[in-house]
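Descriptive structure summary
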Amino acid sequence: MWLLRTFCLIVIGNKAVNCSWNNKLLMKKLFEDDKYNNQVRPVLDTSTVINMTMLLYVAQVLDMDERRQTLKTNLWMTLNWRDEYLQWDPEDFGNLKMIKIPSNLVWMPDIVLYDNADTAYLPFLRDKIIVLYHNGTCNWASPIIVKSHCRLNVMNFPFDEQSCKMKFGPWQHDGTEIVMLGQGDDSVFNSDGEWDMIGMNASSNIQSYPDAPGIPYTDVVYTLFFRRRSMYYVFNLVLPCILISSTTVLCFLLPVDSGEKISLTITVLLSLTVFLLLIAESMPPSSEVPIIGKYYAATMLLVSISMAMTIIVLNLHYRGPMYSRVPKWAKIFFLKYLAKVVCIRIPKATSVSRDSFLRNSDISDESGSLMEMVLLDGQLEGSPINGLRKLKKNISKLSPCCSEHVALLRMLLQEVKKVTRRFEQEDTDEHMRNEWKQIAMVMDRVFMIIYLCCTFMTMWLIMNKIPQS
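Residues numbered from 1 in each chain as written. Predicted model: local features only at pLDDT ≥ 70, side-chain atom pairs only at ≥ 80, totals over all residues. Heavy atoms only, no water.

**Some words on the overall build of the protein**
What counts here: Here a strand is any run of E in DSSP of at least two residues, a helix any run of H or I of at least four, and the numbering for each starts at the N terminus. Under the scheme applied here, a residue whose accessible area is under 20% of the maximum for its type counts as buried, over 50% as exposed, and between as partly exposed, the area being computed with a 1.4 Å probe on protein chains only. Every residue pair with non-hydrogen atoms within 4.5 Å of one another is taken to be in contact. Shrake-Rupley sampling with a 1.4 Å probe provides the accessible areas, and residues are treated as covered by the protein chains on show and by no other component.
Looking only at helices and strands, one finds eleven helices and ten strands in the protein. Buried residues in the protein amount to 39% of all 469 residues. A separation of at least 24 residues holds for 77% of the contacts in the protein among residues at least 6 apart in sequence. Summing over all exposed atoms, the protein offers an accessible surface of approximately 28200 Å²; the carbon and sulfur share of this is 60%.

**As for the pairing of strand S1 (residues 50-65)**
Counted only if it meets this: In short, DSSP must find at least two bridges between two strands for them to pair.
Taken together, the eight bridges between S1 and strand S8 (residues 178-185) define a ladder with parallel strand orientation. Each bridged residue has a counterpart across the sheet, and for Met 54 the counterpart in S8 is Gly 182. In the sheet, S1 pairs with strand S2 (residues 70-82) via eleven bridges, with the strands oriented antiparallel. From the neighbouring strand, Val 58 faces S2, where its bridge partner is Leu 75. Hairpin connection, S1 to S2: the antiparallel pair is bridged by four residues, and Gln 69 has positive phi, about 60 degrees.

**Overview of the sheet that holds S1**
Note the threshold: Axes here refer to lines fitted to C-alpha atoms; in helices the fit is confined to the stretch in contact. Angles between the N-to-C directions go from 0 to 180 degrees.
As summarised here, the arrangement of the six strands in space is S3-S5-S6-S2-S1-S8, forming an open sheet in which the pairing is mixed. Edge strands, defined here as strands with exactly one partner in the open sheet, are strand S3 (98-102) and S8. Averaged over all pairs of adjacent strands, the angle between strand axes in this sheet comes to 30 degrees, irrespective of strand direction. Inspection of the sheet shows S2 paired to strand S6 (residues 137-149) by 13 bridges, in the antiparallel sense. By the bridge assignment, Leu 71 is partnered in S6 with Ser 148.

**Details of the side chain of Ser 142**
Here Ser 142 is to be found in strand S6. With relative accessibility at 8%, the residue Ser 142 sits in the buried group. Leave out the neighbours within four places in its chain, and Ser 142 touches Leu 75, Trp 76, Met 77 and Lys 128.

**Some thoughts on the packing of helix H2 (residues 231-253) against helix H3 (residues 261-282)**
Which entries qualify depends on this criterion: Oblique is the label for every angle not falling under 35 degrees (roughly parallel), over 145 degrees (roughly antiparallel), or within 65 to 115 degrees (roughly perpendicular). By the definition used in this description, the sense in which the near helix is turned from the far one sets the handedness, with an anticlockwise turn below a right angle giving left-handed and a clockwise turn giving right-handed.
Where H2 contacts H3, the two axes come as close as 9 Å, and the packing angle between them is 165 degrees. Between H2 and H3, the crossing angle belongs to the class labelled roughly antiparallel. Here the hand of the crossing between H2 and H3 comes out left-handed. Contact residues: Asn 236, Leu 237, Pro 240, Cys 241, Ile 244, Thr 247, Thr 248, Leu 250, Cys 251 and Phe 252 in H2; Lys 261, Leu 264, Thr 265, Val 268, Ser 271, Leu 272, Phe 275 and Ile 279 in H3.

**Description of unusual backbone geometry**
Residue Pro 158 is bonded to the preceding Phe 157 through a cis peptide linkage, with omega at 5 degrees. Checked against the element boundaries, Pro 158 lands in the loop between S6 and strand S7 (161-170). Even without being a glycine, Gln 69 presents a positive backbone phi close to 60 degrees. Among the secondary structure elements, Gln 69 is positioned in the loop between S1 and S2. Positioned with a positive phi, Cys 343 is a non-glycine residue whose angle comes to about 60 degrees. Structurally, Cys 343 can be placed in the loop between helix H5 (328-341) and helix H6 (354-360).

**What to know about the sheet that holds strand S4 (residues 111-113)**
Read across the sheet, four strands follow the order S4-S7-S10-S9 without closing on themselves; strand pairing throughout is antiparallel. Looking at strand neighbours, the two that pair on one side only are S4 and strand S9 (195-209), the edges of this open sheet. Going across the sheet, the axis of each strand differs from the next one's by a mean of 20 degrees, ignoring polarity. Direction of pairing for S9 relative to strand S10 (residues 212-228): antiparallel, over a ladder of 13 bridges. Bridging across to S10, Ala 202 finds its partner in Tyr 222.

**Thoughts on the side chain of Glu 84**
Considering the arrangement of structural elements, one finds Glu 84 in the loop between S2 and S3. Not counting residues up to four positions away in its chain, the partners in contact with Glu 84 are Pro 42, Val 43, Leu 44, Asp 45 and Thr 48.

**Details of the nonpolar core**
What counts here: Side-chain atoms within 4.5 Å link the members of a nonpolar core, which is a set of buried Ala, Val, Leu, Ile, Met, Phe, Trp, Tyr and Cys residues.
Of all hydrophobic cores here, the largest spans 51 residues; its most connected members are Leu 71, Trp 81, Trp 140, Phe 168 and Phe 226. It is S1 that provides the largest number of residues to this core, a total of seven residues. Excluding its chain neighbours within four sequence positions, the residues that come into contact with Phe 226 are Val 61, Met 64, Leu 71, Glu 161, Gln 162, Phe 189, Trp 195, Asp 196, Met 197 and Ile 198. Core analysis: the next-biggest nonpolar cluster, separate from the first, contains 46 residues, Tyr 233, Tyr 296, Ile 344 and Met 443 among them.

**Quick look at the packing of aromatic side chains**
For clarity, the threshold we go by: Centres within 6.5 Å are what make two rings of Phe, Tyr or Trp a pair, Trp counting through its six-membered ring; a difference in plane orientation under 30 degrees is then read as stacked, over 60 as edge-to-face, and the rest as tilted. We count a charge as sitting over a ring when the NZ of a lysine or the CZ of an arginine lies within 6 Å of the ring centre and within 35 degrees of the ring normal.
Tallied over the entire structure, the rule returns 17 aromatic pairs. Arranged with centres 6.4 Å apart and planes meeting at 80 degrees, the rings of Tyr 295 and Tyr 296 form a pair that is edge-to-face. Accessibility classification places Tyr 295 together with Tyr 296 in one group, the buried group. Members of the aromatic cluster, each reached through a chain of ring pairs, are Tyr 114, Trp 171, Tyr 209 and Tyr 217. In this structure, Lys 167 is placed above the aromatic ring of Tyr 114, and the distance from its NZ or CZ to the ring centre is 4.8 Å.

**Remarks on the state of the cysteines**
The bond known as a disulfide is covalent and runs between the sulfur atoms of two cysteines. Which entries qualify depends on this criterion: Disulfide assignment relies on a single distance test, namely cysteine sulfur atoms paired within 2.5 Å.
What the rule picks out here adds up to one disulfide. Here Cys 150 engages in a disulfide with Cys 164; their sulfurs sit 1.9 Å apart. Disulfide Cys 150-Cys 164: the torsion about the S-S bond is -75 degrees, which places it as left-handed. Taken as a pair, Cys 150 in the loop between S6 and S7 and Cys 164 in strand S7 lie far apart in primary sequence, 14 residues in all. On the accessibility criterion, Cys 150 (3% relative accessible area) is buried. The exposure class assigned to Cys 164 is buried, which follows from its relative accessible area of 0%. Residue Cys 454 stays outside any disulfide, its sulfur separated by 6.9 Å from that of Cys 453, the closest cysteine. Here Cys 454 falls in the partly exposed class, since its relative accessible area comes to 31%.

Here you go:
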């Protein structure tokens, strides 16, 4: 066993030494004879076109800035082309078929990102490793981070899907020198928690530019398709808006006498304004309004309308004798029919007659006679002659000791009549105020139903605009 181990180590060491020696011989043959110039396009015939294949793998979305319309991604890029000067026979170098060398030693195409949004065009092809095969095939592969322009459509935010284009191609080598072919794959994509990649395609194009008219240039355009994960925005923006707008319903249920109906509505309106400003900060300054912005604007409009409704209710509630009486048609329409529709029970007004008051009063006969004289107010107003006759008759029924106080009783009668009129006027005013308050209560309930219907209709319209994925 010891001899076998020693023999294996010797064989492996010899192979490693031979491989290293073959690599050195190959590097000397390829680069040390000053036959290779990495500044010249590697073709034996200048009319030969280099077919360059580009493979692009999207690993992760690092940042998608809606306001600046930029996309920062982590890419795995692979370039394949054939260098006609870098070829050898594997049998001459110990069956060595490939070698890994620095990219600075060989010719590299001037591939750039046309949609670059970074501060500079970085030479990402240099200072990397190239796998060189014996037939001259060069394989350059490396991860890179690029920042590109991407026109984002935020109309459906936060339920949007975005498509971003990346255009790669040579800057100086035209279509007679390099032809670009592209392929793409999203199998290595790792979501950042906000965006999911739903597709990717590549297309090769030939285009002429204003600075070189008539000269065709080839490029590869990669189109990346993303879908936003909307649950974060639903939980942090949409759900608070729904809860805040639902608070407006409490404004209609709040009693008018509390004096807090208007302040509650204003508080809800200010809260919605704060959330709308948060959305505006992240959106690009354009004329496109996202779905969530439309929902907030519609909700703010409904809250403003509810404030106007509340003012109408307050106006009706605090109407009194200084205003006109409640019209008869309003009593029939609001208190008789509409109140039943909105499930509000209006209590019937009750009044106590004078006769029942006398019957239920615990007073003496003499006091009863005086009370009758006091209650002659309505009769005196209706027929003064009959009223005086009845007054004399009642006075004659009094005892002789009380007849000398007739003048005093007459004065007392006048004062009691004034007090009676005052109480009757107060009862009338209170009845008028109660009628206006009842109408205000019915209107408050009607406005609440209208607000709820408008709210649900708004939510239904907004949900229909959400794209179905």
